[in-house]
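Secondary and tertiary structure notes
As a plain string of letters, each chain reads:
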Number of protein chains: 4
Amino acid sequence: MSEKYKVGILGATGTVGQRFISLLEDHPQLVVHKLGASSRSSGKPYYQSVRWKMTVPIPEGVKNLVVEECVPEAFKDCDVVFSGLDSSVAGQIEKAFTEADLAVFSNAKNYRQDPQVPLVVPTANPEHLDFIPNQKQIRNLNKGFLVTNANCSVTGLAVVLRALENAFGPISQVIITTLQAISGAGYPGCSALDLIDNVVPFIGDEEDKIELEPLKILGGVHSDGQQFQHLSHMTVSASVNRVPVVDGHTEAVSIKFASGNKPTPQQIIDALDQYRTECQDLGCFSAPEKAIVVSLDEDRPQPRLDRMNGKGNAVTVGRIRECPIFDVKFTLLVHNTILGAAGSSILNAEIAIAKGYLQKQ
Amino acid sequence: MSEKYKVGILGATGTVGQRFISLLEDHPQLVVHKLGASSRSSGKPYYQSVRWKMTVPIPEGVKNLVVEECVPEAFKDCDVVFSGLDSSVAGQIEKAFTEADLAVFSNAKNYRQDPQVPLVVPTANPEHLDFIPNQKQIRNLNKGFLVTNANCSVTGLAVVLRALENAFGPISQVIITTLQAISGAGYPGCSALDLIDNVVPFIGDEEDKIELEPLKILGGVHSDGQQFQHLSHMTVSASVNRVPVVDGHTEAVSIKFASGNKPTPQQIIDALDQYRTECQDLGCFSAPEKAIVVSLDEDRPQPRLDRMNGKGNAVTVGRIRECPIFDVKFTLLVHNTILGAAGSSILNAEIAIAKGYLQKQ
Amino acid sequence: MSEKYKVGILGATGTVGQRFISLLEDHPQLVVHKLGASSRSSGKPYYQSVRWKMTVPIPEGVKNLVVEECVPEAFKDCDVVFSGLDSSVAGQIEKAFTEADLAVFSNAKNYRQDPQVPLVVPTANPEHLDFIPNQKQIRNLNKGFLVTNANCSVTGLAVVLRALENAFGPISQVIITTLQAISGAGYPGCSALDLIDNVVPFIGDEEDKIELEPLKILGGVHSDGQQFQHLSHMTVSASVNRVPVVDGHTEAVSIKFASGNKPTPQQIIDALDQYRTECQDLGCFSAPEKAIVVSLDEDRPQPRLDRMNGKGNAVTVGRIRECPIFDVKFTLLVHNTILGAAGSSILNAEIAIAKGYLQKQ
Amino acid sequence: MSEKYKVGILGATGTVGQRFISLLEDHPQLVVHKLGASSRSSGKPYYQSVRWKMTVPIPEGVKNLVVEECVPEAFKDCDVVFSGLDSSVAGQIEKAFTEADLAVFSNAKNYRQDPQVPLVVPTANPEHLDFIPNQKQIRNLNKGFLVTNANCSVTGLAVVLRALENAFGPISQVIITTLQAISGAGYPGCSALDLIDNVVPFIGDEEDKIELEPLKILGGVHSDGQQFQHLSHMTVSASVNRVPVVDGHTEAVSIKFASGNKPTPQQIIDALDQYRTECQDLGCFSAPEKAIVVSLDEDRPQPRLDRMNGKGNAVTVGRIRECPIFDVKFTLLVHNTILGAAGSSILNAEIAIAKGYLQKQ
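Model, not experiment: these values are computed from the prediction. (Residues numbered from 1 in each chain as written. Chains lettered and ligands numbered in written order. Predicted model: local features only at pLDDT ≥ 70, side-chain atom pairs only at ≥ 80, totals over all residues. Heavy atoms only, no water.)

Observations regarding the pairing of strand E14 (residues 328-334) of chain C
All names here are of chain C. The buried count for E14 comes to 7 of 7 residues, which makes it a mostly enclosed element. Side chains Val328, Phe330, Leu332 and Val334 project from E14 onto one buried face, and the interleaved Lys329, Thr331 and Leu333 project onto a second face that is buried too. Relative to E14, strand E11 (residues 249-257) runs antiparallel, the two being bridged by 7 bridges. When the bridges of E14 are listed, Val253 appears paired with Phe330. Here 5 bridges tie strand E13 (residues 315-322) to E14, and the two strands are oriented antiparallel to one another. Pairing of Glu322 across the sheet is with Val328, part of E14. The hairpin turn running from E13 into E14, its antiparallel successor, is 5 residues long. (Buried < 20%, exposed > 50% of the residue type's maximum accessible area, 1.4 Å probe, protein only. Helix = DSSP H or I, 4+ residues; strand = E, 2+ residues; numbered from the N terminus. Pairing = 2+ DSSP bridges.)

Next comes the structure, spelled out in structure tokens:
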């Protein structure tokens, strides 16, 4: 069998970085090769520079890798670079890496709205990866490119909206309230004082992202082939909350279709159940058997019980019922640090490999 | 000073009953006189029959009251009866008590939709108590009558909707997602396995109540004076969730006014801040200084920090902002076992006293 | 390869029963063949009679098994029976099953103190399984026998005490305080009102078990070969607490050796790290690589991060340090529903198979 | 009535500072006059510089006080200064304040082991305040002095040990395991990731304090009148844990008396129940009616239900029973930010006033 793709991970000591490392243990195509972190951590073996918070041990092959500074020279033999960098530094570093002709899959928000950068949820809009050659040409790159994945809450929503638009046509209105897990805030992240006997009805900038990102993800490419174009037929209104859950965002959603035709709950159930995406057809290693798991139990999905469906890469939808105001309402659940973060980047890379967009150094 | 009104409490050993007893300690007009519970508990002193779960001790004057069975004869010297009964038994018992000419303020759901029974949130529709004489006449009662208060989630919503309709006219659409505390489910109530590292997106019948009760509360009396009439201009769509919070329901709400005129967030803030209700004007003992407390902090209201505003009888509203789909969205918080349950009954009784509807035996 | 042993599970719809079913999925030697539950559940396919609360789906091969009543006739073709029965019914049912010549591994407390029944923690006293032939002879059984495993808190303690007595001789005094997870109480089990912003310093009968069971586990067989004999040199004093943790009991332990020789913390670390048990030597499928995982981090073990060490069958020990009063103190962590319950039964059965004590029907 | 004592609060924006301010609202003898914080906060009105996290609003009289830097000149008209400073700065600042002849009651750890500084738990060793004149003389001060209160966990323990030594003579051995609330760590303090579905068996330096401070608190003054002297007859061994509780430390304690006489549980109950301290006799405003509340319920004390006993200044003790190794074991509960912090300082000041040790400027 051919050699694995060498992976560099930026922000390797953070929560997203740790998740990347865990998910890549025993991956058949990808192997962790280089780790990058701030200069405070670099120069030391990984196990000494990280405060490891995953529930499985640090993989043996990673434990003793010496942490590098996040400069392109240190990663030039990497075939693919995953970025779990904080947005305060991701902008400059990812730019430098891309310009150094490295292939970067980023979890940071900085370039999500760049019209020449694909914003890809692997089980919603994998076809946006087909823009990679366009980006290379525009930016005059050979092997390098930049792909981003979406905000964690948006990820779950986008998958379901895409399945529904596929089946029933344009959706005009989406009102969503989230109950978000704490792991997305990193470590130490949220204060325990805010989340014992409490919820917090606010997360900075989160509502803006939820209202904006789906429009790009579900949108298309401009006819000039030079940029992505936002959907114009959909408006999203979001209210976010932080709740005392470790992993798994729960989202209560009401939607209205543009057509005026109102599918029945059973039709919605069938459409979601039958939804199938390119990443399954391509046989990607991390692709969930079903991109959407439909639960018929009256009190599901629940984060602790359902977040690991599809090894964390499926979205679970339940409580599908008529909305007295819009057409339908339901509750969805997405694992915010797997499909909602590192898992999307990895699955995006797997799709890019399958489609031939990723070349070895 | 004149003697206090003698209070009977039905369901005295349950969570709502315990809350009634706590709230009535040191009340200037009301004194706990009789306690009723199931035959399993009756015949014993209260402190022996209750599994007390309040954070203050059992009041001295109540500790040794002998628990009675819930039959009218045992309560005939009570001037007012508060019912914290479970709905499985409330129907028959409350009927018997009312027919025995006792004045009953009930927290149970059984008669909330009875067209001749006021469904009253004291800081939303206290004027519905003016129907008491009509009810007495229709039912041929002398001193007795039956008043109910609303579902805990509805209570907070109704207060805010009323303030907004007062200021800006009819509201046509309300989409609401709740994050509800566990105390409303009683003891033992919710399983800890459901609420550690988890939320549950379901509470039986709760969404139906939230979609229906506001229409009666915000509605009026039919011109024949014989029954209440639901609002016809408003539709409510609810999605409920149980979260790991002891007390305090958080509700994310988006609303649309019927008029097409869209008030600004600042106008909403001003209207809520200036909202004043009859119970303050009547000088009721438990009336909160402000029925609605507006918070301008970006991350409030929070249940642990804000539920005791107005001693648990105020509703706190924050995050008031434009809704990209409807007119405005905001988050409200209501103490589910004070204003949302026992506190409403008590404040309703205080208003009834002030208005002369409650007569001593 | 030879056929798998057919497994019957009693109490299959309960929390321990669900854990048995999850752990046996894909087991190389054992296959779930019959499921037993109360008559309320029996007669229906398993997926209809259970309220499944594991974080993985019901295994396909089990989903449609029809649940039986817990009577020996229904299980007579089972080679091994695991009991996750409640103690209120386990006494009679397990007696009937054993007398019907079935091999029973029980998680219930009923027969733990029976002098002719082995009480076995697989990584502490597997040699007690060698009493099985004695029990068969005494009770005049052919294939049938009864083996119990220990209380969940005791399990973790016994493993560590055994390792320390092996290395440093008899321990005379053990003072232990537990912080116990909620899953051991079943579903619905603990009330959420008791475990949000709270701990409960009491679990019925638990302290008695912790003070008594280790003495049998670490004890031996009487010279007459007819019964087990408790240790006489050790006294245990326990204080138990329930804490808001889903899985994983944390135990703070101080111990004093009988000899008066005080090993250093480093000697303790080395002894625990090198501790090896029969189940590893026998190559049992579920045997953890290390029975005891020693953590040198100052703030470990932690239940959420360490409970799955050794796939839930290892005990993690940390904070090993001198005790100013006794000789040494440390904190241990055991997964209460894997090694502390179903995992022990399964590993005991694997050892019994390896040693030839389990015969096929 | 005479004028109130003017109070300065150092560290006023922190968690302890906020608690001081809340507890002093409506105090009959003390009025908040000056607030001090780091230079980052100073110069602004209090409500602008604080992230208020109490469950009651900022008192009206404090809201607009301009925050000062923590320099003695700014507080020279204060009759008493309470310090809620972080230990990283408390050493220098409290020294400067004392030398400037100000009366300081400190919650910081810096001077607790200074042999000339009283370490006082108001309901355990109020007589140590009688050392104030000695300290003044030694340090050549006129009105100024420095008194510290104890670590939060120690506070609860010391009260109970004092009551038991009073009744039954010297205690030789104490083994204690704590389950500590998060509020003591300040805001943001503990990470929510550490305390959802988790406990942490470690708090830096805490075990050392618990093993050392009681020896000074329960000790006496050297015969030369120049210094405090630690107890020599007692050894304490502590194991600490952080648990998901907002307020209230739970402590499981086993003790052995030096005499060899073992009191019965009932004698222990009676002794604790009858324990009375100087602060009650002096009629101090914040003195709890009982310094120790004994609970006979099998599952109490519990932090959420019992922490506010005695308005947070009582220690609740339950589960009093024989210890199979030592003489007796029990569980105690102390409100860590009231009696365990700000409440102790305030009650110490009230005692000092009653005894004439505090002079107005």
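Digging into the sheet that holds strand E7 (residues 171-179) of chain C
All names here are of chain C. Sheet architecture is open: 6 strands sit in the order E10-E7-E11-E14-E13-E12, paired in mixed fashion. Across the chains shown, the open sheet's two edge strands, defined by having one partner strand only, are strand E10 (235-239) and strand E12 (292-294). Ignoring strand direction, the axes of neighbouring strands in this sheet form an average angle of 25 degrees. Note: E7 against E11, 8 bridges, orientation antiparallel. Bridged to Val174 within E11 is Ile255. (Axes fitted to C-alpha atoms, helices over the stretch in contact; angles between N-to-C directions.)

Focus: the environment of Gly43(D)
All names here are of chain D. Inspection of the secondary structure assignment puts Gly43 in the loop between strand E2 (30-37) and helix H2 (46-49). By relative accessible area, Gly43 is classed as exposed at 58%. Remark: the alpha-carbon pair of Gly43 and Ala150, spanning 107 residues in sequence, is separated by 31 Å.

Description of helix H12 (residues 338-354) of chain B
Think of an α-helix as 3.6 residues a turn; residues three or four steps apart then line up on the same face. Residues and elements named next belong to chain B. Look at H12: only 20 Å from first C-alpha to last across 17 residues, short of the 24 Å you get at 1.5 Å a residue. By the largest-angle criterion, Ser344 marks the main kink of H12, which is about 50 degrees. Among the 17 residues of H12, 16 are classified as buried, and the element is accordingly described as predominantly covered. Gly356 sits one or two positions beyond H12 and adopts a positive phi of about 80 degrees. (Expected span 1.5 Å × (residues − 1). Bend = angle between axes of the 7 residues up to and from the residue.)

Re helix H5 (residues 132-139) of chain A
Residue and element names in this part refer to chain A. Within the sequence span of H5, burial applies to Ile132, Gln135 and Lys136. Projected down its long axis, H5 shows its buried positions confined to an angular sector of 100 degrees, all on one face. Downstream of H5 by one or two residues, Asn140 has phi in the positive range, about 60 degrees. (Arc of directions from axis to C-beta.)

Structural notes on the interface of chain B and chain A
Interface size is commonly expressed as the accessible area that is lost once the parts come together. With 47 residues of chain B at the interface, the matching set in chain A holds 47 residues. Summing the contributions of chain B and of chain A, the shared interface buries around 3,700 Å²; its carbon and sulfur component is 57%. If you look at where chain B meets chain A, you find 8 salt bridges. The residue Arg307(B) makes a salt bridge to Asp197(A) at a minimum N-O spacing of 2.8 Å. Where chain B touches chain A, the interface holds 27 residue pairs in polar contact (both at pLDDT 80 or more). Counting residues per element, the ones that place at least two in the side of chain B that touches chain A are strand E7 (171-179), helix H7 (192-195), helix H8 (206-217), strand E10 (235-239), strand E11 (249-257), helix H11 (303-306), strand E13 (315-322) and strand E14 (328-334) of chain B. Along the lines of polarity and charge, the residues of the side of chain B that touches chain A split into 23 nonpolar, 11 polar and 13 charged. (Contact = heavy atoms within 4.5 Å. Buried area = accessible area lost by both parts, 1.4 Å probe. Salt bridge = Lys/Arg side-chain N within 4 Å of Asp/Glu carboxyl O. Polar contact = N/O pair within 3.5 Å; in protein donor to acceptor, adjacent residues only side chain to side chain. Nonpolar A, V, L, I, M, F, W, Y, C, P; charged D, E, K, R; others polar.)

Some thoughts on empty space enclosed by the protein
Unfilled space is identified by rolling a water-sized probe across the atoms. Taken as a whole, this structure holds 3 cavities of 30 Å³ or more when the rule is applied. Its boundaries defined by the atoms lining it, the largest cavity holds a volume of some 150 Å³. For the lining of the largest cavity, a count of residues per class yields 12 nonpolar, no polar and 4 charged. (1 Å grid on protein atoms, 1.4 Å probe; cavity = no way out; pocket = protein on both sides within 12 Å on 5 of 7 lines; lining within 4 Å. Points joined across faces, edges and corners; volume = space filled by probe spheres on them.)

Quick word on the state of the cysteines
Tallied over the full model, the rule gives 0 disulfides over all chains. With no disulfide partner, Cys284(A) has as its closest neighbouring cysteine sulfur the one in Cys279(A), 5.6 Å distant. Unpaired in terms of disulfides, Cys190(D) finds its nearest cysteine sulfur in Cys152(D), a separation of 11 Å. (Disulfide = S-S within 2.5 Å.)

Observations regarding the relation of the copies chain D and chain B
Screw-axis analysis of chain D against chain B gives a translation of 0.0 Å along the axis, an RMSD of 0.0 Å, and a rotation angle of 180 degrees. These values place the two chain copies in the arrangement generated by a two-fold rotation axis. Closest approach to the rotation axis within chain D is made by the C-alpha atom of Asp197(D), at a distance of 3.0 Å. The share of interface residues of chain D whose copies in chain B are also at the interface is 100%, consistent with both copies meeting through the same surface. (Least-squares fit on C-alpha atoms with pLDDT ≥ 70 in both.)

With respect to the interface of chain D and chain B
Listed per partner, the contact involves 12 residues of chain D and 12 residues of chain B. Of the roughly 1,100 Å² buried between chain D and chain B, counting both surfaces, carbon and sulfur atoms make up 46%. Area buried by chain D at its contact with chain B is led by Thr55(D), Arg304(D) and Leu305(D), which between them contribute 40% of it. On inspection of chain D and its partner chain B, the count reaches 2 salt bridges. A salt bridge links Arg51(D) to Asp299(B), with the nearest nitrogen and oxygen atoms 3.2 Å apart. At the junction of chain D and chain B, the tally comes to 2 residue pairs in polar contact (both at pLDDT 80 or more).

Some remarks on the sheet that holds strand E4 (residues 80-83) of chain C
Residues and elements named next belong to chain C. Across the sheet, 6 strands lie side by side as E3-E2-E1-E4-E5-E6; this open sheet has parallel pairing. Since the sheet does not close on itself, it has two edges, and those belong to strand E3 (68-69) and strand E6 (145-148), each with one partner. Pairing analysis gives 6 bridges linking strand E1 (residues 5-10) to strand E2 (residues 30-37), with the strands arranged parallel. Paired with Tyr5 across the strands is Leu30, a residue of E2. Strands E1, E2, E4, strand E5 (103-106) and E6 of the sheet are contacted by helix H12 (residues 338-354), whose axis makes an angle of about 145 degrees with E5.

Considering the packing of aromatic side chains
Tallied over the entire structure, the rule returns 30 aromatic pairs over all chains. One aromatic cluster is present, built from ring pairs that chain together Phe20(A), Phe82(A), Phe105(A) and Phe145(A). (Phe/Tyr/Trp six-rings, centres within 6.5 Å; stacked < 30°, edge-to-face > 60°.)

Comments concerning the UniProt feature "active site" (unreviewed entry) in chain A
Residues and elements named next belong to chain A. Residues annotated by UniProt as "active site" (unreviewed entry) correspond here to Cys152 and His249. Taken along the chain, the residues just named run across 98 residues; in space they keep tight, none of their C-alpha pairs more than 8.0 Å apart. Structurally, the position occupied by Cys152 is in helix H6 (residues 152-168). Ignoring any residue separated from it by four or fewer positions in sequence, one finds Cys152 in contact with Gln180, Glu206, His249, Glu251, Val334, Asn336 and Gly340. For His249, a relative accessible area of 0% puts it in the buried group. Setting aside its immediate chain neighbours within four residues, His249 contacts Cys152, Ser153, Leu179, Gln180, Ala181, Leu332, Leu333, Val334 and Asn336. At 3.0 Å, the side chain of His249 and the backbone nitrogen of Ala181 are in polar contact. (UniProt positions renumbered as here; feature names shortened; annotations may be inferred.)

Section: unusual backbone geometry
Geometrically, the link from Tyr187(C) to Pro188(C) is a cis peptide bond, its omega value of 0 degrees lying close to zero. Inspection of the secondary structure puts Pro188(C) in the loop between E7 and helix H7 (192-195). The omega torsion across Arg300(D) and Pro301(D) is 5 degrees, close enough to zero to call that bond cis. Of note, Pro301(D) is situated in the loop between strand E12 (292-294) and helix H11 (303-306). The phi torsion at Asp101(A) lies on the positive side, around 70 degrees, for a residue other than glycine. In this structure, Asp101(A) sits in the loop between helix H4 (87-99) and strand E5 (103-106).

Considerations on the pattern of salt bridges
Residue and element names in this part refer to chain A. Per the counting criterion, the structure on display carries 80 salt bridges over all chains. With its nearest N and O atoms 2.8 Å apart, the salt bridge here joins Arg300 to Asp306. Here Arg300 falls in the buried class, since its relative accessible area comes to 11%. Residues joined by salt bridges that share partners form a network here, namely Asp130, Glu278 and Lys355.

Some thoughts on the UniProt feature "domain: Semialdehyde dehydrogenase NAD-binding" (unreviewed entry) in chain A
The UniProt record marks residues 6-132 of chain A with the feature "domain: Semialdehyde dehydrogenase NAD-binding" (unreviewed entry), using the residue numbering of this structure. Measuring from the first to the last C-alpha atom of residues 6-132 of chain A gives 20 Å, for a span that is 25% helix and 18% strand.

Some words on the domain arrangement of chain A
Residue and element names in this part refer to chain A. When its domains are assigned, chain A resolves into domain 1 (5-151 + 342-355) and domain 2 (152-334). In this structure, domain 1 and domain 2 have C-alpha centres spaced 24 Å apart. Each partner contributes residues to the interface: domain 1 has 39 residues there, and domain 2 has 39 residues. Together domain 1 and domain 2 conceal approximately 3,100 Å² of surface at their shared face, both sides included; 56% is due to carbon and sulfur atoms. Looking at the side of domain 1 facing domain 2, the largest losses of area belong to Gln113, Thr123 and Asn151, adding up to 24% of the total buried there. Notably, a salt bridge pairs Lys355 with Glu278, separated by 2.7 Å at the nearest N-O pair. There are 22 residue pairs in polar contact (both at pLDDT 80 or more) connecting domain 1 and domain 2. Residue assignment for the side of domain 1 that touches domain 2 shows that the elements contributing at least two residues are helix H1 (15-24), H5 and helix H12 (338-354). In terms of residues, the side of domain 1 that touches domain 2 owes the most to one element, H12, which gives 7 residues. Per-class residue counts for the side of domain 1 that touches domain 2 are 17 nonpolar, 12 polar and 10 charged. (Domains from an automatic or database assignment.)

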